[in-house]
Amino acid sequence: MTPTTKLSCRNVWKLYGPNAETLLAQNPNPSADDIRNAGVIGAVRNANIEIVEGEIFIIMGLSGSGKSTLVRCLSRLIEPTSGEVLFDDADLLRASEKEMIEIRRHKMGMVFQHFALLPHLSVLQNVMFPLTIQATPKHEAEAKARDVVELVGLKGREDYYPRELSGGQQQRVGIARSLVTEPDLWFLDEPFSALDPLIRREMQDEFLRLQERLHKTIVFITHDFEEAVRLADRIAIMKDGEVIQIATPEELVMNPATDYVAEFTRHIPRSKVLTVGGVMTVGAAGEGEPIVQSTRVSAVAERIITADAPIPVTDGKGLVIGAIDRKAVAHVLFGEGDAV
Ligand SMILES: Nc1ncnc2c1ncn2[C@@H]1O[C@H](COP(=O)(O)OP(=O)(O)OP(=O)(O)O)[C@@H](O)[C@H]1O
Ligand SMILES: [Mg+2]
């Protein structure tokens, strides 16, 4: 089955400054120098992205690289200077403001970088809020809100106020609020960045559990490659407004397109990123309980290293496609030494 594209953007530019539109009208593909010389800020430069139904698509890059701007262009909270944004094949840039509001209310969920709960509303009322705006009947809104509050692990705290919650709990309320309208497309802009590392990992695990149940199409921004590796199906790396590379975490580590990409991936242990399928010997035979090819090497390294023989590797359907031995694992764990 070929994956369905849910959301795509083509040649999207967002330039800030009085000459932005004139510049693009005169030159549809200006270089960084052209942009600077025109006194314009290139927040997003010629972005082309296709996001597939049901995937977690991560956008990474240093501060100021254009991540939030790009994601806001995708929901038209920011109007792109030029380009196309297609959602279920409909051109969002041609939708009227009224249609856009409907699409955002019913089909898009958003958790913002600096989101705020309404301080004078309880957890339940905060979560119900988007439904209240949609004029959903109260009993229906409340029932839906109770369901998502439970889903994010806050059952029992429906009547608390935001000030009575920890940072992580507040973030869960924000997540519940963004899910209550059952969006197809879920945008999250650094949702866990303000949390301390332990809570952050917990939230990541919970996020993955949620996604297993909900199968949303997700666009998720983060600064943190480790977070990206844990969550992503694919990652787009941005620099100075440009999308430099789009790839799986494994491909980014194995074949970084530029030094900038390599720099992002450098501090991550390779065993946490590389999969068994990526380093196995194709077609080789093994012994014992097989390992699925998508398993990360770190999860099975000890078993492979202490096994007497190579272990068979299967594809997603249980078919044996090769084997992995301790040499391959040692190579992932310890690299090739200083000689390289
Ligand atoms: N309204 C605006 N007017 C002018 N420049 C802007 C505006 N909004 C954003 N920019 C510029 O666009 C660039 C991209 O900003 P953006 O907020 O998208 O970055 P980001 O990658 O999300 O950064 P961070 O990780 O800090 O959130 C920055 O240089 C920023 O200063
Ligand atoms: Mg941002």
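Residues numbered from 1 in each chain as written. Chains lettered and ligands numbered in written order. Predicted model: local features only at pLDDT ≥ 70, side-chain atom pairs only at ≥ 80, totals over all residues. Heavy atoms only, no water.

1. Thoughts on the packing of aromatic side chains
Two descriptors summarise a pair of aromatic rings, namely the distance from one centre to the other and the angle between the planes of the rings. Tallied over the full model, the rule gives five aromatic pairs. When the centroid spacing of 5.6 Å and the interplanar angle of 35 degrees are considered together, the rings of Trp186 and Phe207 count as tilted. Placement of the pair is Trp186 in strand 7 (residues 185-189) and Phe207 in helix 8 (residues 197-214), with a sequence separation of 21 residues. Classification of Trp186 by relative accessible area gives buried; the value is 0%. (Phe/Tyr/Trp six-rings, centres within 6.5 Å; stacked < 30°, edge-to-face > 60°. Helix = DSSP H or I, 4+ residues; strand = E, 2+ residues; numbered from the N terminus. Buried < 20%, exposed > 50% of the residue type's maximum accessible area, 1.4 Å probe, protein only.)

2. Some thoughts on the sheet that holds strand 6 (residues 108-111)
Remark on secondary structure: sheet strands pair via backbone hydrogen bonds, oriented parallel or antiparallel. On the basis of which strands lie adjacent, the open sheet formed by six strands has the order 6-7-8-3-9-10 and mixed pairing. Both outer strands of the open sheet, strand 6 and strand 10 (242-247), are each paired with one neighbouring strand and no more. Within the sheet, the average angular offset between the axes of one strand and its neighbour, ignoring direction, is 15 degrees. Pairing of strand 7 with strand 8 (residues 217-222), which is carried by five bridges, proceeds in the parallel orientation. Paired with Phe187 across the strands is Val219, a residue of strand 8. Taken strand by strand, helix 8 contacts strand 3 (56-61), strand 7 and strand 8, and its axis lies near 165 degrees from that of strand 8. (Pairing = 2+ DSSP bridges. Axes fitted to C-alpha atoms, helices over the stretch in contact; angles between N-to-C directions. Contact = heavy atoms within 4.5 Å.)

3. Considerations on the sheet that holds strand 1 (residues 5-16)
Read from one edge of the open sheet, four strands run 2-1-4-5, paired in antiparallel fashion. Edge positions in the sheet fall to strand 2 (41-52) and strand 5 (90-91), since each of these pairs with one other strand and no more. Where helix 3 (residues 67-74) meets the sheet, its contacts fall on strand 1, strand 2 and strand 4 (82-87), and the angle it forms with strand 1 comes to roughly 120 degrees.

4. Re the packing of helix 5 (residues 123-133) against helix 7 (residues 167-179)
Interhelical geometry of helix 5 versus helix 7 gives an angle of 30 degrees and a closest axis separation of 7 Å. As the angle between them shows, helix 5 and helix 7 are arranged roughly parallel. The crossing of helix 5 and helix 7 is right-handed. Between helix 5, through Val123, Asn126, Val127 and Pro130, and helix 7, the contact on the second element is made entirely by Val173, Ala176 and Arg177. By residue class, the composition of the contact of helix 5 with helix 7 is five nonpolar, one polar and one charged. (Parallel < 35°, antiparallel > 145°, perpendicular 65-115°, else oblique. Left-handed = near helix turned anticlockwise from the far one by under 90°. Nonpolar A, V, L, I, M, F, W, Y, C, P; charged D, E, K, R; others polar.)

5. Let's talk about the pattern of salt bridges
A full pass over the atoms with the stated rule returns 21 salt bridges. With its nearest N and O atoms 3.4 Å apart, the salt bridge here joins Lys239 to Asp240. By relative accessible area, Lys239 is classed as partly exposed at 32%. Among the charged side chains, a network of salt bridges with common partners joins Arg172, Glu202, Glu206 and Arg209. (Salt bridge = Lys/Arg side-chain N within 4 Å of Asp/Glu carboxyl O.)

6. Some thoughts on the domain arrangement of the chain
Examined at the domain level, the chain breaks down into domain 1 (5-107 + 183-268) and domain 2 (271-334). Centre-to-centre, using C-alpha coordinates, domain 1 lies 33 Å away from domain 2. Taken together, the contacts link seven residues of domain 1 with six residues of domain 2. Counting each side, the surface lost to burial between domain 1 and domain 2 is near 600 Å², with a carbon and sulfur contribution of 62%. Contact with domain 2 buries surface across domain 1, with Val229, Glu250 and Met254 losing the most and accounting together for 63% of the total. Put simply, domain 1 and domain 2 have one salt bridge between them. Residues Lys272 and Glu226 are paired through a salt bridge, measuring 3.7 Å at the closest nitrogen-oxygen approach. (Domains from an automatic or database assignment. Buried area = accessible area lost by both parts, 1.4 Å probe.)

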